[in-house]
Amino acid sequence: MDQITPVNLAYDALAAAREVAVSARINADAQDRDDGFPASDVADLARLGLLAAPIPVREGGAGLGEEPGGAKLAEVLRLVGYGSLALGRLYEGHVNALHLVALYGDAGQRERLFEDARSGHLFGVWNTERAGGGLVLEGGPDGLHLRGAKTFASGAGHVTRALVTAHRANADGPVMLVVPLRAGTRADLSDWRAHGMRASATGTVDFTDLPVTDDAILGEPGDYHRQPVFSGGAWRFAAVQLGGIEAVFDAWREHLTRHGRGGDPHQLARLGEGALAVEGARNWIARGAATVTQGTLPSGRLIACINLVRLAVERAGLDVLQLAQRSVGLQGFLRGHPLERLSRDLATYLRQPAPDGALVGAAEEILAAGGMAGDLWHGGGP
Ligand SMILES: Cc1cc2nc3c(=O)[nH]c(=O)nc-3n(C[C@H](O)[C@H](O)[C@H](O)COP(=O)(O)OP(=O)(O)OC[C@H]3O[C@@H](n4cnc5c(N)ncnc54)[C@H](O)[C@@H]3O)c2cc1C
């Protein structure tokens, strides 16, 4: 089948995401291996136009994420995450990369890199590195090259357009660059012996001696961490997490029905608590997506809001995991039970950077804000 290239807003990203979610869900158990990767699902993302969908409308794309309130992108991320959290992680990285290209790329970079997305290249955003051993961009007699490695890089060995941060002597912050990689090169998955998210291929990628041309560099040094874009983007991984929470919830609900245990009041009470957590997370995502896309809150307030989105969704995920495991019992820990892998994937993907700092930072902003609590997020509502 020919690849679908979205050219306008008539493109139905939600229908595409639903189709991907159905097959990804079927494929996910077989990919749950240390060297697993959802290759056929990524091919579906390309075939159904979702790899190209985040290209802005002004660049001839479908502009997924530019719609009012970010509602469509939130749904797409949730649906893909529902099908497979590993696939959702990969897709979120791709969306993030295209977003950064749109924001910081010059006209030539945007044209070239969006064309790469249209032709099926999977992008990733790799920022994490070992303390004291990160990626360096340096000059030599033959021009620029990279030295060092990135860790916890999802899609290692599969991503063919990597947006990375690198340190450069005398630069005012890390530089951001997009480098082409050949599939199957420079990646080491030997440390990725993970509890869950095995199929995300989250490994180490060594860039040493990779030549870099000037036109690989996006924006100015420090742009990658520029606020509120840097922290504000966290609502997107939370939207993927919501899909994983719903998948756990559905596996739990299905178990109660199949085993005739749904009539018990304790089981019903737990299920009700779970439904509250899921819906709460969904509302927080809507709030976060709308707040970021409207862009009407001042930077500090917007970051506080998104930090709360992150933590509320994490809390909902932890609650649903605990409730589901208590309700289903030992069966849910046996390989082959749907809850087993779904729980491992969710528990692993809920681990995101500096949750304590996110909570305390949000609380500091709220304390300093004064006024009425109901007005804290005024102007950033769905
Ligand atoms: C499946 C998966 C895929 C990923 N893919 C990518 C990717 O493609 N690209 C990428 O760049 N990264 C990726 N990451 C890494 C991710 O961005 C984070 O680096 C990682 O999830 C951080 O988790 P952590 O629990 O180690 O966080 P930490 O920040 O180390 O938090 C652990 C605990 O320590 C606390 N803490 C944090 N800082 C301090 C401190 N200074 N002092 C005391 N306590 C502290 C936290 O509050 C928390 O309680 C991925 C992660 C996962 C789980």
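The rules we used
Residues numbered from 1 in each chain as written. Predicted model: local features only at pLDDT ≥ 70, side-chain atom pairs only at ≥ 80, totals over all residues. Heavy atoms only, no water. Helix = DSSP H or I, 4+ residues; strand = E, 2+ residues; numbered from the N terminus. Rg over C-alpha atoms; globule rule 2.2 N^0.38 Å. Buried < 20%, exposed > 50% of the residue type's maximum accessible area, 1.4 Å probe, protein only. Contact = heavy atoms within 4.5 Å. Areas by Shrake-Rupley, 256 points an atom, 1.4 Å probe, with all protein chains shown as cover. Lys, Arg positive; Asp, Glu negative; His and termini not counted. Charge placed at Lys NZ, Arg CZ, Asp CG, Glu CD. Axes fitted to C-alpha atoms, helices over the stretch in contact; angles between N-to-C directions. Parallel < 35°, antiparallel > 145°, perpendicular 65-115°, else oblique. Left-handed = near helix turned anticlockwise from the far one by under 90°. Nonpolar A, V, L, I, M, F, W, Y, C, P; charged D, E, K, R; others polar. Core = buried A, V, L, I, M, F, W, Y, C linked by side-chain atoms within 4.5 Å. Expected span 1.5 Å × (residues − 1). UniProt positions renumbered as here; feature names shortened; annotations may be inferred. Pairing = 2+ DSSP bridges. Domains from an automatic or database assignment. Buried area = accessible area lost by both parts, 1.4 Å probe. Salt bridge = Lys/Arg side-chain N within 4 Å of Asp/Glu carboxyl O.

Take the overall build of the protein next. In terms of regular secondary structure, the protein is built from 11 helices and 10 strands. Whereas a compact globule of 382 residues would reach a radius of gyration of roughly 21 Å, the protein reaches 21 Å, a difference of no more than 12%. Dimensions of the protein along its principal axes, counting C-alpha atoms only, are 75 × 55 × 45 Å. Here the protein, with 382 residues, has 52% of them falling under the buried criterion. Long-range pairs, those at least 24 residues apart, make up 76% of the contacts in the protein between residues at least 6 apart in sequence. Accessible area for the protein stands at about 16800 Å²; split by element, carbon and sulfur atoms hold 54% of it. The protein carries 36 positive and 44 negative side-chain charges, and their two centres are separated by 4 Å.

Here we come to the packing of helix 7 (residues 234-258) against helix 8 (residues 265-294). Look at helix 7 against helix 8: their axes get within 10 Å of each other, and the N-to-C directions meet at 160°. If you check the angle between helix 7 and helix 8, you find them roughly antiparallel. When the axes of helix 7 and helix 8 are compared, the crossing they make is left-handed. Together, W235, A238, A239, L242, I245, E246, F249, W252, R253 and L256 of helix 7 and Q267, R270, L271, G274, A275, V278, A281, R282, I285, G288, A289 and V292 of helix 8 make up the contact between the two elements. Taken together, the residues that form the contact of helix 7 with helix 8 break down as 15 nonpolar, 3 polar and 4 charged.

The tendency in soluble globular proteins is for nonpolar side chains to be buried side by side. Among the nonpolar cores identified, the biggest contains 96 residues, and L50, Y91, L146, L177 and F207 are the most heavily contacted of them. The dominant element in this core, judged by the number of residues it contributes, is helix 7, at 14 residues. Every residue in contact with L50, bar those within four places of it in the chain, is listed here: Y11, A13, A16, A17, V20, L45, V76 and Y91.

In this model helix 3 (residues 71-83) runs 19 Å from its N-terminal to its C-terminal C-alpha over 13 residues, within 8% of the 18 Å that 1.5 Å per residue would give. Contacts made by the buried residues of helix 3 are with helix 1 (13-27), helix 4 (85-104), helix 7 and helix 8.

Here, UniProt's "domain: Acyl-CoA dehydrogenase/oxidase N-terminal" (unreviewed entry) annotation points to residues 26-120. What you have in residues 26-120 is 59% helix and 0% strand, and the ends, taken at the C-alpha atoms, are 22 Å apart.

This part covers the sheet that holds strand 4 (residues 149-153). Spatial strand order, 4-8-7: 3 strands in an open sheet with antiparallel pairing. Looking at which strands have only one partner, the edges of the open sheet turn out to be strand 4 and strand 7 (187-188). Relative to strand 8 (residues 203-206), strand 7 is paired through 2 bridges, and the arrangement is antiparallel. Looking across to strand 8, one finds that D188 is bridged to T204.

A few words on the domain arrangement of the protein. Here the protein is described as being made up of domain 1 (13-122), domain 2 (136-222) and domain 3 (229-375). Put simply, the middle of domain 2 and the middle of domain 3, counted by C-alpha atoms, are 31 Å apart. Facing the 4 residues of domain 2 at the interface are 5 residues of domain 3. Looking only at domain 2, the three residues that lose the most surface to domain 3 are H195, G196 and M197, adding up to 84% of its buried area. One can count 0 salt bridges joining domain 2 with domain 3. Here the side of domain 2 that touches domain 3 is composed, by residue class, of 1 nonpolar, 2 polar and 1 charged.

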